[in-house]
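Geometric and topological summary
Next come the chains, spelled out residue by residue.
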Amino acid sequence: MTISPLAPATYPELPVIAGVRLAVARAGVRYKDRTDVLLVELAEGTNAAGVFTQSLTASAPVLACREALKSGKARALVVNSGNANAFTGSVGVASVARVVDKCRALFGCQPSDIYTASTGVIGERLPDDKITAALGGLFSSLSETSWNDAARAIMTTDTYPKMATRTAMIGNVKVTINGIAKGSGMIAPDMATMLAFVFTDAAVPQQALQTLLSETNESTFNCVTVDGDTSTSDTLLLFATGKAKNPAADYADFKRALHEVLYELALHVVKDGEGAEKLVTINVSGAASSAAAKKIGMSIANSPLVKTALAASDANWGRIVMAVGKAGEKANRDKLMIKIGGVVVAKNGEADPAYQESQITGYMKSRDIKIEVDVGVGTGKATVYTCDLTHRYIDINGSYRT
C-alpha cells in the first residue's frame, strides 16, 4: 500500500491515560496477517459521550451505541475493521449482542457499559465468532501503552494511523486527551466521522461532556469531506475516566484542547482521503449565515469537477462559480469574489482584469491549496476541508472488495 503523500513525517507518541488500557488482535474478520480487532478497557465510573451518523441505514453497532449512551457510562469498547455490520438486519443486531455479552462477562458489568463499532464492507454478515474468540486473549493482554497498535487495528483503506494528543488545565490540575481515528473514503460526516475515539483522564460530568463533544465536533469533523458520501457507521465517542481528580471548574481550556485533538484527527482523515494528493482549505465569507457559508463551502468541496481540476493542477475557477451557484444559498453574482492562493481570480461578478493564470500555475501544483470565496450578501463565514479527486480513488474503490 502506498502511503499518502500528505502523511506526517512522524507519528506522535501518545501518553498513558489513567484508567485506559488497550489491546489488539488478528482475528481474521476480513484481512489476513494484520490486526483487525481493538479492545479498550475503561475504569469504573467512566463517563461517555458520542455523536453518530444521521444515515437512515445506520449500522447495528451505531444503533447499539446510541442505546448504550443513554446510561452515560462505559467500561469497554470493542472495534473491528473489515466488516461494517451494516444492512445486516436482525442478524447484525444479534452479532452485536453476542460481542457485548462476551465482553460484559469479562468485565463484570452491564451490557449498557459496552460500546462497539465496526468499519468495512456493508451488507455482509459479521463473523462475530472470530471476535468473541479473540476477546479472552485481548483481555489478558491489555496495556496502557498500545495506542499506535490501536490506531492501526481500526484502519481499512487508510494508509497511515491517525493519532493526536493534547493537555489542558481544569482548575489547577493538568489533564490529558488522546484520540485515534480511521477514515479514508465514504467521508462526508453528517454528525461525526468515520470512526474516532477520544479518551481523557479528566473528570467531567456526562452532560457537560456531551455538550463539549457536540460543539467541537461541529467545527471539526463536520467540516471535512472526501467524496460526499456519509457512512452508515460514523461514530465519534469520548470517554472521561475521571482519574485526574480535577475539581469541577471552568472547562474552557479542556474544550480548547479537545477541539485541537478533533481538528487534527479530522485533517488527517482528509489528508488520507483515498487517492488524495492535495489538502484543500475552502474559506467562505459574506454569506447570509454561518450555516449558509458552510453549505456553500461543502458544495465546492464535494464538486467532482472542482476536485478533478485540482488534481490536474488546473486553475479552472469557473467550476467554483458553478459550485457556489448550485449550493442553494443566497449569493450575489455581481459581488462574488474568488481567490486561489491569495490571488484574486474573479471579483465583481467577472474575471479580475489584472489576473493572469501564470500567477498561480506553480501554486496549483503544491500539496496545500487554499480557496477563498466571498458571496457578497452578509457576514456569515465558514471553513471546510477536502482533498483532490485522482484516478487512484477509482482504483481503490473499484477493487475494494477484491
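This one's a predicted model, so the numbers in the text were calculated from it and none came from an experiment.

About the cut-offs
- Every chain begins its residue count from 1, and numbering advances along the sequence as written.
- In keeping with the model being predicted, local features are shown solely for residues with a pLDDT of at least 70 and side-chain atom pairs are shown and tallied solely at 80 or more, while totals for entire chains, interfaces and linings include all residues.
- Just so you know, side-chain values use all the structure's heavy atoms and leave hydrogens and water out.
- Relative accessibility thresholds used throughout: buried, under 20% of the residue-type maximum; exposed, over 50%; partly exposed, between the two (1.4 Å probe, protein chains only).
- Numbering of helices and strands starts at the N terminus; helices are DSSP runs of H or I of at least 4 residues and strands are runs of E of at least 2.
- By definition, two strands form a pair when at least two bridges between them are found by DSSP.
- Here, two residues are considered to be in contact whenever any of their heavy atoms come within 4.5 Å of each other.
- Between the N-to-C directions of two axes lies an angle of 0 to 180 degrees, each axis being a line fitted to C-alpha atoms and, for a helix, fitted only over the stretch in contact.
- Throughout this description, the term nonpolar core refers to a set of buried Ala, Val, Leu, Ile, Met, Phe, Trp, Tyr and Cys residues connected via side-chain atoms within 4.5 Å.
- The salt bridge definition used is simple: a Lys or Arg side-chain nitrogen within 4 Å of an Asp or Glu carboxyl oxygen.
- For this quantity, the arc is that covered by the directions from the helix axis to the C-beta atoms.
- Each residue gets a pLDDT score, which is the predictor's confidence in that residue and runs from 0 to 100.
- Under this definition, polar contacts are N or O atom pairs within 3.5 Å; protein pairs additionally need one hydrogen-donor-capable and one acceptor-capable atom, and for neighbouring residues in sequence, both atoms have to be side-chain atoms.

For strand 9 (residues 279-287), the tally of buried residues reaches seven of nine residues, placing the bulk of the element in the interior. As defined by bridge partners, strand 9 adjoins strand 13 (residues 368-374) across seven bridges and the pair is classed as parallel. Paired with Ser-285 across the strands is Asp-374, a residue of strand 13. By the bridge criterion, seven bridges tie strand 9 to strand 14 (residues 380-387) in an arrangement that is antiparallel. Across the sheet, the residue bridging to Asn-283 is Thr-383, located in strand 14.

With that settled, consider helix 1 (residues 60-68). Every buried residue of helix 1 is accounted for by Ala-60, Pro-61, Val-62, Cys-65 and Ala-68. As for helix 1, its buried residues are in contact with strand 2 (37-52), helix 2 (89-107), strand 4 (114-121) and strand 8 (235-240).

Ordered in space as 12-11-10-13-9-14, the six strands form an open sheet in which the pairing is mixed. The open sheet has two edge strands with one neighbour each: strand 12 (350-351) and strand 14. Bridge count between strand 11 (residues 343-347) and strand 12: two bridges; the pairing is antiparallel. Residue pairing for strand 12: Lys-347 is matched across the bridge by Glu-350. Contacts from helix 7 (residues 290-301) reach strand 9, strand 13 and strand 14, with the element oriented near 25 degrees to strand 14.

Counting residues in hydrophobic clusters, the biggest one holds 39 residues, and the most contacted among them are Val-175, Phe-221, Leu-236, Phe-254 and Leu-258. Going through the elements one at a time, strand 2, strand 5 (162-170), strand 6 (173-182), strand 7 (195-200), helix 5 (206-218), strand 8, helix 6 (252-271) and strand 14 are the ones with two or more residues in this core. Ile-282, Leu-310, Val-343 and Met-364 belong to the second-largest nonpolar core, a separate cluster that totals 32 residues.

One pass over the full model with this rule turns up 17 salt bridges. For Asp-272, the salt bridge identified is with Lys-162, shortest N-O distance 2.6 Å. Residue Asp-272 is found in the loop between helix 6 and strand 9, and its partner Lys-162 is found in strand 5; the two are separated by 110 residues along the sequence. Like Asp-272, the residue Lys-162 is buried in the burial classification.

All right, on to helix 8 (residues 304-311) then. Along helix 8, the residues that are buried comprise Val-306, Lys-307, Ala-309 and Leu-310. When helix 8 is viewed along its axis, its buried side chains cluster within an angular range of 160 degrees and face the same direction. Where helix 8 is buried, its residues touch strand 9, helix 7, helix 9 (318-325), strand 13 and strand 14. Phi turns positive, to about 60 degrees, at Ser-313, one or two residues after helix 8.

Moving on to the environment of Phe-107. Inspection of the secondary structure puts Phe-107 in helix 2. Of the residues examined, Phe-107 reaches a relative accessible area of 8% and is grouped as buried. Residues Phe-107 and Glu-41 lie 66 residues apart in sequence; the distance between their C-alpha atoms is 8.4 Å. Once residues lying within four places of it in the same chain are set aside, the contact partners of Phe-107 are Leu-39, Glu-41, Arg-75, Ala-76, Phe-139 and Leu-142.

The next point concerns the confidence of the model for the protein. Low pLDDT marks regions whose predicted coordinates should not be analysed in detail. Mean pLDDT over the protein works out to 93, with 94% of the residues at or above the 70 mark. In this model, residues 185-193 is a region of pLDDT below 50 whose contacts with residues beyond four sequence positions or in other chains number 51 contacts.

Below, the discussion takes up the side chain of Asn-47. Note on placement: Asn-47 falls in strand 2. Here Asn-47 falls in the buried class, since its relative accessible area comes to 13%. Here the side chain of Asn-47 touches Val-204 through a polar contact of 2.9 Å, landing on its backbone oxygen. With near-sequence residues (within four places) excluded, Asn-47 lies in contact with Gly-72, Lys-73, Val-204, Pro-205, Gln-206, Leu-209, Leu-238, Phe-239 and Ala-240.

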